[in-house]
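Next come the chains, spelled out residue by residue.
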Amino acid sequence: MILDCAGKPLDLSHPQVMGILNVTPDSFSDGGQFLAQDSALAQAKQMVTDGAGIIDVGGESTRPGAAIVSVEEEIARVLPVIEAIRSEIDIPISIDTSKPEVMRAAVDAGAGLINDVRALQVEGALQAAVDCDVPVCLMHAQGTPQTMQDAPQYEDVVTEVISFLHERIIACEKVGIPRDKIILDPGFGFGKRATHNLRLMKHLAKVIEINLPVLIGVSRKSMIGKLLNVSVEERLAASLSLAAISVWQGAKIIRSHDVRETVQAVMMCDHVIQVNDFD
Ligand code: PT1
């Protein structure tokens, strides 16, 4: 139940919060304000203080309609940040990327988990993950960030997401990534309409039944904006409620912009889950 992230332990016997550290000029919610290395480091330190169990560093925005970024640009964005965090902070770093070259460079610099919204489907990504020898998060998406929200369609979103995740687990095992290094993510907001996201959330327990740790990313996402008609700055309460619903069903990692508040929500849920009925 303790995941070894390149020497840094991630204890999944309790739910953990993954702090989001975007290093993209067009980054979602943060407006690129953490581009500078030292402010990225300050942000990472604050996340540790606030109770994050892991920090997710990403140099490619994957929100709907985001721009494509080159390998060179992505490496230039994330490497200095990973190096700075690694030298001063003791918790695991995750690299949010789909590019094999970025995976290799990031893990060389000290990242301990590969978080891939394309579930290692890019040419060379499976082999990069094998060589990096760190845990991987496999996420479901329909389409690519550029076009995924144009016309998402499913016959049965829950079944289709689960089938996809099973296929990717098998692809991983085939190349030598063992099950005990795999985390799953149904991919909220990735080629899904509001109803698809809601059905996935309602039936998240079915994803949990695969019996691998499940990661959830709902923080500030547009499904909340669509359903509640609130701007991105006003989505904290709804994000926390979705985090609680996820943890209650068994999710082990919650990816969030708002670490302090999410840690409180997740810990409260965990207290309810863990309470002894007989004393
Ligand atoms: C996620 C995730 C991620 N989300 C994992 N990694 C993003 N494992 C980046 C919107 O609808 O859920 N899981 N890495 C950010 N992507 C989005 C997608 C941001 C949709 C916003 C939206 O607003």
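These figures come from a predicted structure and were not determined experimentally.

**Some points on the overall build of the protein chain**
At step 1: Helix and strand counts for the protein chain come out as 10 helices and 10 strands.
At step 2: Scaling as 2.2 N^0.38, a compact globule of 279 residues should have a C-alpha radius of gyration of about 19 Å, and the protein chain matches this with 17 Å.
At step 3: In the protein chain, buried positions account for 56% of the 279 residues.
At step 4: Sequence separation of 24 or more characterises 70% of the internal contacts of the protein chain that already satisfy a separation of 6 or more.
At step 5: Element-wise, carbon and sulfur atoms account for 52% of the exposed surface of the protein chain, whose accessible area totals about 12300 Å².
At step 6: Of the charged side chains in the protein chain, 24 are positive and 37 negative; the average position of the first set lies 4 Å away from that of the second.

**Concerning the pattern of salt bridges**
At step 1: Overall, the coordinates contain 10 salt bridges when judged by the stated rule.
At step 2: A salt bridge links Arg118 to Glu60; the shortest N-O distance between them is 2.9 Å. With Arg118 in the loop between strand S6 (113-116) and helix H4 (125-132) and Glu60 in the loop between strand S4 (54-58) and helix H2 (71-88), the pair connects residues that are 58 residues apart, well separated along the chain. Taken as a pair, Arg118 and Glu60 share a single burial class, namely buried.
At step 3: For Glu74, the salt bridge goes to Lys99, with nearest N and O atoms at 2.5 Å. With Glu74 in helix H2 and Lys99 in the loop between strand S5 (93-96) and helix H3 (100-108), this residue pair connects regions lying 25 residues apart in the sequence.
At step 4: Looking at Glu74, the relative accessible area reads 0%, which means it is buried.
At step 5: Using a relative accessible area of 15% as the deciding quantity, one classes Lys99 as buried.
At step 6: The network of salt bridges with common partners includes Asp56, Asp96 and Arg255.

**So, unusual backbone geometry**
At step 1: In this structure, Ala119 takes a positive phi of about 50° despite not being glycine.
At step 2: Take Ala119: it is sitting in the loop between S6 and H4.
At step 3: The backbone of Asp133 sits at a positive phi, close to 60°, despite the residue not being glycine.
At step 4: Residue position: Asp133 is located in the loop between H4 and strand S7 (136-139).

**Let's talk about the nonpolar core**
At step 1: Core analysis: the largest hydrophobic core is formed by 74 residues, its most contacted members being Val57, Ile85, Ile114 and Leu120.
At step 2: Counting residues per element, this core draws most heavily on helix H5 (residues 157-175), at 9 residues.
At step 3: Not counting the four nearest positions on each side in its chain, Leu120 is found in contact with Met103, Ile114, Ala125, Leu126, Ala129, Val136, Leu138, Arg168, Cys172 and Ile177.
At step 4: Judged by nonpolar contacts, the second largest core, of 11 residues, contains Leu10, Met18, Ile183 and Ile253.

**Concerning the sheet that holds S5**
At step 1: One open sheet holds the 8 strands; their spatial order is S8-S7-S6-S5-S4-S3-S10-S9, and the pairing between them is parallel. Edge positions in the sheet fall to strand S8 (182-185) and strand S9 (215-217), since each of these pairs with one other strand and no more. Going across the sheet, the axis of each strand differs from the next one's by a mean of 25°, ignoring polarity.
At step 2: Of the strand pairs in this sheet, S7 and S8 are connected by 4 bridges, and their pairing is parallel. Residue pairing across strands places Val136 opposite Ile182, the latter belonging to S8.
At step 3: On top of the sheet, helix H1 (residues 37-49) reaches strand S3 (16-22) and S4; it is set at about 170° to S3, its chief contact.

What counts, and where the lines are drawn
Residues numbered from 1 in each chain as written. Predicted model: local features only at pLDDT ≥ 70, side-chain atom pairs only at ≥ 80, totals over all residues. Heavy atoms only, no water. Helix = DSSP H or I, 4+ residues; strand = E, 2+ residues; numbered from the N terminus. Rg over C-alpha atoms; globule rule 2.2 N^0.38 Å. Buried < 20%, exposed > 50% of the residue type's maximum accessible area, 1.4 Å probe, protein only. Contact = heavy atoms within 4.5 Å. Areas by Shrake-Rupley, 256 points an atom, 1.4 Å probe, with all protein chains shown as cover. Lys, Arg positive; Asp, Glu negative; His and termini not counted. Charge placed at Lys NZ, Arg CZ, Asp CG, Glu CD. Salt bridge = Lys/Arg side-chain N within 4 Å of Asp/Glu carboxyl O. Core = buried A, V, L, I, M, F, W, Y, C linked by side-chain atoms within 4.5 Å. Pairing = 2+ DSSP bridges. Axes fitted to C-alpha atoms, helices over the stretch in contact; angles between N-to-C directions.

Geometric descriptors of this kind do not, in isolation, establish any biological role.
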